[in-house]
Amino acid sequence: MERGTCVIIAREMLDTTQSEAAPPRDEPRGCLFALSQPPLMIFLAVIGCLLLMASLHDLLLL
């Protein structure tokens, strides 16, 4: 920070207790949540097909 800069911290910003109105989590998201997204699955399928084609090319044609 620069010299002479004044920083004001409100009392609400310092409160670290859990509030009663915290929204409940509907369902926990695990590691496999990202794999259920269609764009990611399409991307991974394209990459998988390219790797398969390259490996078949190396095994059968070279």
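Residues numbered from 1 in each chain as written. Predicted model: local features only at pLDDT ≥ 70, side-chain atom pairs only at ≥ 80, totals over all residues. Heavy atoms only, no water.

Draft legend 1. Structural context of the overall build of the protein. The number of helices and strands found in the protein is two helices and zero strands. When burial is assessed residue by residue, the protein has 0% of its 62 residues classed as buried. With the model as given, the accessible surface of the protein reaches about 6600 Å², and the carbon-plus-sulfur share is 66%. (Helix = DSSP H or I, 4+ residues; strand = E, 2+ residues; numbered from the N terminus. Buried < 20%, exposed > 50% of the residue type's maximum accessible area, 1.4 Å probe, protein only. Areas by Shrake-Rupley, 256 points an atom, 1.4 Å probe, with all protein chains shown as cover.)

Draft legend 2. Representation of a nonpolar patch on the surface in the model. A grouping of L32, L35, L40, M41, I42, F43, L44, V46, I47, L50, L51 and M53 is seen on the molecular surface, where their side chains present a nonpolar patch of about 1200 Å² in accessible area. In this fold, L40 is placed in helix α2 (residues 38–61). (Patch = residues over 30% accessible without salt bridge, like charges linked within 9 Å, V, L, I, M, F, W, Y side chains within 5 Å. Salt bridge = Lys/Arg side-chain N within 4 Å of Asp/Glu carboxyl O.)

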